[in-house]
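Fold and contact review
Residues per chain, in single letters:
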Amino acid sequence: MNNWALVYEDFDPSRESLREALCTVGNGYFATRGAAPESSADDIHYPGTYLAGGYNRLKTEIAGHVVENEDLVNMPNWLLIRFRPEGGDWFNLKSVNILSYRQELNMKEGLLLRTVKFRDNQDRETTLIQRRFIHIEKMHLAGLKTTIIPENWSGRIQIHSALDGTVINAGVERYKKLNSRHLTPIRKGTADNDIIFLLVETNQSGLRIAEAARTRVFSKGEQIKLEWKPVERDGYIAKEFFVDAVQNKPLTIEKIVSFYISRDFAISQPVLDAVESLSHAEHFDDLLQSHILLWDHLWNRCDICLTNNDRAQMILRLHIFHLLQTVSRNSIDLDIGVPARGWHGEAYRGHIFWDELFIFPYLNLRIPVLTRSLLLYRYRRLDRARLAAREEGLKGALYPWQSGSNGREETQQLHLNPKSGRWNTDNTHLQRHVNAAIAYNVWHYFKVTNDLEFLSTYGAEIILEIARFLAGIATYNRELDRYEILGVMGPDEYHDAYPDSGKPGLNNNAYTNVMTVYVLRSAIKVLDELAPKRRQNLKETLGLEQAEISHWEDIIRNMRIVFHGDGIISQFEGYDDLLEFDWDGYRKKYDNIQRLDRILKAEDDTPNRYKASKQADVLMLFYLFSSEELQELFSLMGYEFEPWMIPQNIDYYLERSSHGSSLSNIVNSWVLARSDRPRSWELFQKALESDVSDIQGGTTHEGIHLGAMAGTVDILQRCYTGLEFHDDIVYLNPSIPEELREFSMRIKYRDNWFEITLTPESLSITSGECELHPAKVGFQGKVYEIKPGETLAFDIPRND
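To keep things clear, this report deals only with the structure shown in the data block. No experiment lies behind these values; they were computed from the predicted model shown.

Rules used throughout
- Residues numbered from 1 in each chain as written.
- Predicted model: local features only at pLDDT ≥ 70, side-chain atom pairs only at ≥ 80, totals over all residues.
- Heavy atoms only, no water.
- Pairing = 2+ DSSP bridges.
- Helix = DSSP H or I, 4+ residues; strand = E, 2+ residues; numbered from the N terminus.
- Buried < 20%, exposed > 50% of the residue type's maximum accessible area, 1.4 Å probe, protein only.
- Core = buried A, V, L, I, M, F, W, Y, C linked by side-chain atoms within 4.5 Å.
- Contact = heavy atoms within 4.5 Å.
- Axes fitted to C-alpha atoms, helices over the stretch in contact; angles between N-to-C directions.
- Left-handed = near helix turned anticlockwise from the far one by under 90°.
- Salt bridge = Lys/Arg side-chain N within 4 Å of Asp/Glu carboxyl O.
- Disulfide = S-S within 2.5 Å.

Considering the sheet that holds strand E3 (residues 30-32)
- Taken together, four strands build an open sheet; the order of strands is E2-E3-E4-E5 and the sheet is antiparallel. Edge positions in the sheet fall to strand E2 (25-26) and strand E5 (65-74), since each of these pairs with one other strand and no more.
- Note: E2 against E3, two bridges, orientation antiparallel. Note that in E3 the partner of Gly-26 across the bridge is Ala-31.

Considering the pairing of strand E17 (residues 236-245)
- Judged by how many residues are buried, E17 sits mostly within the fold: eight of 10 residues are covered.
- The pairing of strand E11 (residues 155-164) with E17 spans 10 bridges and is classified as antiparallel. Its bridge partner being in E17, Ile-157 is matched across the sheet by Val-243.
- Where strand E16 (residues 228-233) and E17 come together, six bridges link them in antiparallel fashion. Counted as the bridge partner of Pro-230 is Lys-239 from E17.
- Once E16 ends, the chain turns through two residues before running back antiparallel as E17, passing Gly-235 with a positive phi of about 80 degrees.

Here's the deal with the nonpolar core
- One finds Trp-354, Trp-552, Phe-622 and Tyr-720 to be the most contacted residues of the largest nonpolar core, which totals 228 residues.
- Among residues more than four places away in sequence, those in contact with Phe-622 are Ile-569, Leu-630, Phe-641, Ile-646, Asn-649, Ile-650, Trp-670 and Val-671.
- Counting 19 residues, the second largest nonpolar core, distinct from the first, contains Ala-210, Tyr-260, Ala-281 and Leu-288.

Quick look at the packing of helix H5 (residues 356-364) against helix H6 (residues 368-380)
- The geometry of H5 relative to H6 is characterised by a closest axis approach of 7 Å and an angle of 145 degrees between their N-to-C directions. Read as a crossing pair, H5 and H6 show a hand that is left-handed. For the pair H5 and H6, the contacting residues are Glu-356, Phe-360, Leu-363 and Asn-364 in the first and Pro-368, Leu-370, Thr-371, Leu-374, Leu-375 and Arg-378 in the second.

Here's the deal with the pattern of salt bridges
- Scanning the model with the defined rule gives 51 salt bridges in all.
- A salt bridge links Arg-19 to Asp-10; its shortest N-O distance comes to 3.1 Å.
- The exposure class assigned to Asp-10 is partly exposed, which follows from its relative accessible area of 38%.
- Taking the shortest distance from any N to any O, the salt bridge between Arg-33 and Glu-20 comes out at 3.4 Å. Separated by 13 residues along the polypeptide, Arg-33 in the loop between E3 and strand E4 (49-62) and Glu-20 in helix H1 (residues 16-22) bring together distant segments of the chain.

Focus: the state of the cysteines
- Under the definition given, this model contains zero disulfides.
- We note that Cys-305 lacks a disulfide partner, and the nearest cysteine sulfur, in Cys-302, lies 12 Å from it.
- Not part of a disulfide, Cys-770 finds its nearest cysteine sulfur in Cys-302, a span of 18 Å.
- The class for Cys-770 is exposed, based on a relative accessible area of 72%.

Let's talk about unusual backbone geometry
- Even without glycine at this site, Tyr-348 takes up a positive phi of about 60 degrees.
- Its identity as a non-glycine residue notwithstanding, His-659 has a phi of 55 degrees, on the positive side.
- Inspection of the secondary structure assignment puts His-659 in the loop between helix H17 (645-654) and helix H18 (664-671).

Re the sheet that holds strand E19 (residues 304-306)
- Overall, antiparallel pairing links the five strands, which are arranged E19-E28-E29-E30-E33 in an open sheet. Strands at the two margins of the open sheet, each flanked by one partner only, are E19 and strand E33 (791-795). Each neighbouring strand pair of the sheet contributes to a mean axis angle of 15 degrees, computed without reference to strand direction.
- Alignment of strand E28 (residues 743-749) against strand E29 (residues 752-758), held across seven bridges, turns out to be antiparallel. In the sheet register, Arg-746 faces E29, and the bridge partner there is Glu-755.

Here's what the structure looks like:
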């Protein structure tokens, strides 16, 4: 098995849309799904192209309400290339006899390949070979190379190469009742004899998008002079021509495309620059060579190598590949966040949620400049978050659960339940914990990089304003002498209200309360990190007085956490009063109950009545914090927390979860890594299969789950290694499953690169030869100095 390639050896119409999402290629600026170039959107194919941060808003009247949604826009389809023998039918996989088929996503080279041998209804046999890339360095360029080999015939072939701006957003079935036409055609035309161009504009956000295409034909390496005619209609332009094909002689069509928008840097006008860039662009093979070189450089820095586990290795690289093409060096100046579903489809409308919490740890340790730029997306929306807090009558910054272009709350007012066909009120905007995740991300970026300039200029302000907001939603209960947070939701989206309550939200969600304490404590630490003059200036700018900081300290000491049973942290106040759920009965009835919320609502019931979670959000505490960190946090709040409580809580909540989130297996594998390695490995493997096997039953085709993909990588790099950082020391406390015979990786901590290799029995760590200073490594209670180019090796004691 080639563990650098995702390979399909057949054409399966029922799985094609899934494969299109998984075979997306991109470069952090734009991305295109792995659809067949000859296809248009139908019940099998969906050839979407998406610009990073390319949003537009439309209004729709639905269920008696006018709702406005902001969507990631499906951009003009640049792939479109069709062919047919003169007088025959246009090539279509559904209408030919497929003799052989192979599609391969070459992750090492960032290349999508397809080879089809087919027989048409005239018994003509033809081999079709296609290769495609979106250039990882030359951010505006993409290439498609099509080779046609007539195996048993000769004759003229008609070629149709197009740019299609008539596309709409139709990639998510449950959104199809909403308005979906985002693009308005502006103009189209030809240039430099062999170039066509198309200009469209988003009809609300006013973003102009230009695509230009240069199509050339080659035989035996020589370019063939063509006589072509334009084919035009509103929002669509193509060049069409005939070319002679000779039996067994390959005929190659090379299509190079440029993609520009009106907010790009260093341009005059999108069409002008799109056409000019093609005038100077190299041929496909030359562009591909530089593209492959840059991917090689990326993999040298970013790969994680597994030994004797080809499928796990392949999927792991697939996950890293999609991370690296969702955000790249091209993303740095784009003012974008990390969308939960990548730039791979239209699910969640391309919005940014809290998935950064799972994604940034990988980037922090390899390409921290990307994390920095993505955190600036949040900083630039700080004033909008302040406005949202003021509208709630509070100080500080309230970031939205779903964010898009300008940082307003993009959560839908209504949500369609495909099980019942009914529209339900959506209360997920009450997930205030997204603010804690943002603060956590800023603080952990600083801890890994020691980027004091970022913290001082941007990060401190974010953390302090989030701390203010979280302190503002904490109310004092005089009777209990404790602070409470009321009317919120935790990460478990099955519970958004109390049973039979007309009021949304829950009280004292444990995860939210603990994270609030963590943020308030971190905010105080941030002030200590700043230079005295900057600290004073920032406090004056924000109007932050000592009395407010003292109030934070009081909340830290007196935050309420609800327990029940023997050391069980209640997911929220009143959780223990809910009914136990009939898990066995519903599994027998429905088999797959991952989306239990939709099943129950279709039965006129609600998960709010039951101890049944989509994902157990109490377990997020054990995901984010070590036992020692939790003991410290609970001690600050005046509660006892003992290590034996962790496995007890894990067992309790795992039995009460449907694992309906793509992140569930990530969190569950992580929290079991110390107490039950075989089960942790089993869940890790399930997490690996989440998208590639679409184990949620039909959601990945709408877009990958980028947080879950990053989470699998992070289990290897931080969980199984026990990797932590404190005071310039790299600490390792491995707990390696037996099934993971060996793996190796490179990480960057502050100014030093390290190469780490682990087995269940041993650990070695090598400091980069080019480092300027020695580093420190902590293992088994001791701290060692490691000089540049030096290797430390340790035996790992077994605790079984």
